[in-house]
Amino acid sequence: MRKPLILAAFVLAGQLTQAQKLKTLTSGGKLKPEQAIMDIRHYTIALNVDPAQRSIDGYTTVDMITSQPTKVILLDLLDSFKVSKILVNNKPQVFDYKHDMLTINMDKELPAGKASVQVFYGGKPHVARRPPWDDGFIWKTDSLGHPIVEITAEAAGGKLYFPCKDNPSDEPNEGVDMIITVPKGLVVAGPGLLVNTTKKGDKATFHWKTNYTINNYSIVFDVADYAIVTREYTSVEGRKVPMQFFVWKYHENKAAYHLQLLEKFAHEQEKYLGEYPWAKEKIGIVETTHLGMEHEMMNAYGNKFKYTKIGGEDYDDLMHHEFSHEWWGNKVTAKDWADYWIHEGIGTYADALYIREYAGEDAYIKHFQQTAPGFGNKIPVVLGKDLDEEAAYNNDIYGKGAFFMHTLRYVIGDDIFFPTLKGFVTSPKYTYDNMVTTEDVEQYFSEKSGMNLKPLFDLYIYSVNKLEVHVQQKRNNTYLIQLQNMSMPLPMDITTDAGTKRMLVDTKGITITSKTLPVIDDNTYYLKKIIIE
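As a starting point, this report considers the structure included with it. Every chain begins its residue count from 1, and numbering advances along the sequence as written. Restriction of local features to residues with pLDDT of at least 70 applies here, the model being predicted, together with a cutoff of 80 or more for giving and counting side-chain atom pairs; totals for whole chains, interfaces and linings are based on all residues. Side-chain figures throughout are based on the complete set of non-hydrogen atoms in the structure, without hydrogens or water.

Lining residues are defined by having an atom within 4 Å of a point belonging to a cavity or pocket. Those points lie on a 1 Å grid over the protein atoms alone, cavities being sets where a 1.4 Å probe fits but cannot get out and pockets being open sets with protein on both sides within 12 Å along at least five of seven lines. Grid points are joined across faces, edges and corners, and a volume is the space filled by probe spheres set on the points. Tallying each qualifying case throughout the model produces one cavity of 30 Å³ or more. As a volume, the largest cavity reaches approximately 120 Å³. What lines the largest cavity is a set of 15 residues, and nearest its centre among them are Asn-167, Pro-168, Asn-216, Tyr-217 and Trp-337. We call Asp, Glu, Lys and Arg charged. Ala, Val, Leu, Ile, Met, Phe, Trp, Tyr, Cys and Pro are nonpolar, and the rest, Gly among them, are polar. For the lining of the largest cavity, the residue count by class is four nonpolar, seven polar and four charged.

Shown next, in the form of structure tokens:
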């Protein structure tokens, strides 16, 4: 999330600004050759969590398939821990642990195929300084003195506390088992479904399991003295999906209404994006001390039930934005942090669609007119390839990324845009196990629209340029209107003394007559520069 100033009507009104840049940890980047041959299939994370000591202790099992024989296995893990032993296929192996990396040196070459790596470790994990913009563990107590444990890991990745291949290009295809032991009386919230809870002495162990693929930064748990408030959701496909809100007990009276709002959000998102992606398991949210984060099936929520109004009805901007990531970020996942805008930009556009749905088209247009002046536009939305999260992150991946989708809708028209948007996010080719790039988005929308949209992507996603529109008065009441830096013709709303008409404009230009100076794109469908002669 690390959401910046996205906007007036439904954004966090200044809560999320430039002071975010405390974070030094990052993930992703160019894959090392030793990790490129690894296909992660499953993680089992079994940990004892001690809030009093602010420590964790246990093991993680990493199941993988290697594409070729190897004598070295590399796993990412912050240097915060003491690693006692490592087993590969149940045999102890020699390892080196430094520079946030476990290097396992096999005594014999590991053949290509299935392998299981079990790492036993413990210690004090990195503590977040200013979550959620800075990652780490959060150790706090609630107002009644009960321990709270939370994790944010979007930038730093899963290596904050478990050994993993910490790159967005690979997720555990067969899911995760999380077996978390805490002091009795506390509750653990996690992704997927709760398999069982066992109690022994003064400890309680919660076994959470998801069979879905899941990104590393969503493999987290939260611990507190929660009440669990439930509701049943019926998806657009007719599936019955449990909704669960893990809420601090003294806020339990607020939870039922909040789930009612979330149900409304889910129906609206399904209209535009297809069925809720994790319908076989659950819709989950957990109350947190930090503002929030898009954790798969257990979204972190810390907006303190601060509702605004859209269409005269209560709306929670934070909750809607994080929930949109269940489609954009969790179901559709960028292969490279360089394409971060697919998560945040299209996710933010999904927020604008809520405005359209409940406040109308005029409010939707006004929203983008208000947001456009706030874009930094100092660096491109996509900066290159093989970037780590820190290098890829900038505020424009949110607002400018969303505005680009607004532009794209206008260029190709609603009859094509909305089915194409839903088609992309519901296509097996681009979802779950199959990570995506900006090129995938461009090619899919180009194919479905029958237009070569590369020039539009090049202008708005890969550069900081604005569309240049040249308006030249040729003689009394006659004007030539041309595009200066766009090789494809574009529709353009042009307002004259006779009214507003949508016309197709290209580099050759069109000639119009008007008793008044023509107004170009008054509704702001483009980020543009008007040059008048």
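Right, let's get into helix α7 (residues 399–412). What counts as a helix is a DSSP run of H or I of at least four residues, what counts as a strand is a run of E of at least two, and both are numbered from the N terminus. An expected span of 1.5 Å times one less than the residue number is assigned to each helix. Taking 1.5 Å of rise per residue, the 14 residues of α7 would be expected to cover 20 Å, and the 20 Å separating its terminal C-alpha atoms lies within 8% of that figure. Burial here depends on accessible area, computed with a 1.4 Å probe over protein chains only, as a share of the maximum for the residue type. Under 20% is buried, over 50% is exposed, and the range in between is partly exposed. With 14 of 14 residues buried, α7 lies mostly within the body of the structure. Where α7 ends, the next residue or the one after it, Gly-413, has phi of about 90 degrees, a positive value.

Turning next to the sheet that holds strand β3 (residues 70–76). One requirement defines pairing of two strands: DSSP has to find at least two bridges between them. With antiparallel pairing, the three strands of this open sheet are ordered in space as β3-β7-β6. A strand with exactly one partner marks an edge of an open sheet, and here the two such strands are β3 and β6 (94–98). Strand after strand, the sheet turns through a mean of 20 degrees between neighbouring axes, direction not considered. Pairing analysis gives six bridges linking β3 to strand β7 (residues 101–110), with the strands arranged antiparallel. Bridging across to β7, Val-72 finds its partner in Asn-105. Axis lines are fitted to C-alpha atoms, over the contacting stretch for helices. Their N-to-C directions set the angle, which ranges from 0 to 180 degrees.

Relative to the helices and strands, Thr-288 resides in the loop between β18 (283–287) and β19 (292–293). Overall, Thr-288 belongs to the buried group, its relative accessible area being 2%.

Once that is clear, we can look at a nonpolar patch on the surface. Note on patches: the residues involved have over 30% relative accessible area and no salt bridge, like charges join within 9 Å, and the nonpolar side chains Val, Leu, Ile, Met, Phe, Trp and Tyr join within 5 Å. Each accessible area is a Shrake-Rupley estimate made with a 1.4 Å probe; only the visible protein chains count as cover when residues are assessed. Only one rule defines a salt bridge in this text: a Lys or Arg side-chain nitrogen within 4 Å of an Asp or Glu carboxyl oxygen. Taken together, the side chains of Leu-517, Ile-530 and Ile-532 define a hydrophobic patch exposed on the protein surface, amounting to about 250 Å² of accessible area. With respect to the helices and strands, Ile-530 occurs in strand β29 (residues 528–532).

In space, the three strands of this open sheet follow the order β26-β25-β28, with antiparallel pairing throughout. This sheet does not close on itself; its edge strands, each paired only once, are β26 (499–505) and β28 (519–520). For strand β25 (residues 490–496) and β26, the ladder comprises seven bridges, and the chain directions are antiparallel. By the bridge assignment, Thr-496 is partnered in β26 with Gly-499. Each of β25 and β26 is contacted by α7, which is oriented at about 85 degrees to β25, the strand it contacts most. What makes two residues a contact is simply this: any of their non-hydrogen atoms within 4.5 Å.

Enumeration over the complete set of coordinates arrives at 22 salt bridges. The closest approach of N and O atoms between Lys-30 and Asp-386, which form a salt bridge, is 3.7 Å. Remark: Asp-386 occurs in the loop between α5 (361–371) and α6 (389–392) and Lys-30 occurs in the segment before α1 (33–36); sequence separation between them is 356 residues. Connected via shared salt-bridge partners are Arg-356, Glu-361, Arg-409 and Asp-414.

On to the packing of aromatic side chains. Ring pairs shown here join Phe, Tyr and Trp side chains whose ring centres sit within 6.5 Å, with only the six-membered ring taken for Trp; geometry is labelled stacked below 30 degrees between planes, edge-to-face above 60, and tilted in between. Taken as a whole, this structure holds 48 aromatic pairs when the rule is applied. Arranged with centres 5.9 Å apart and planes meeting at 65 degrees, the rings of Trp-208 and Phe-246 form a pair that is edge-to-face. Here Phe-246 lies in strand β17 (residues 240–248) and Trp-208 lies in strand β14 (residues 203–210), a separation of 38 residues in the sequence. Comparing Trp-208 with Phe-246 shows no difference in burial state: the two are buried. The ring of Phe-120 carries the charged tip of Lys-85 above its face, separated from the ring centre by 4.7 Å. We call a charge positioned over a ring when the NZ of a Lys or the CZ of an Arg lies within 6 Å of the ring centre and within 35 degrees of the ring normal.

In this section: the environment of Leu-25. Following the sequence through the fold, Leu-25 ends up in the segment before α1. Each C-alpha atom of the pair Leu-25 and Glu-390 lies 7.8 Å from the other, and the pair is 365 residues apart in sequence. For Leu-25, the residues in contact, after removing those within four places along its chain, are Leu-78, His-126, Ala-155, Ala-156 and Leu-160.

Here Asp-166 shows up in the loop between β10 (147–152) and β11 (176–183). It is 8.6 Å that separates the C-alpha atoms of Asp-166 and Leu-77, two residues lying 89 residues apart in sequence. Excluding its chain neighbours within four sequence positions, the residues that come into contact with Asp-166 are Ser-27, Gly-28, Asp-76, Ala-156, Gly-157, Gly-158, Lys-159 and Asn-216. Side-chain atoms alone can form a polar contact between residues adjacent in sequence; in general such a contact is a pair of N or O atoms within 3.5 Å, and within protein one must be able to donate a hydrogen while the other accepts it. A polar side-chain atom of Asp-166 sits 3.1 Å from a polar atom in the side chain of Asn-216.

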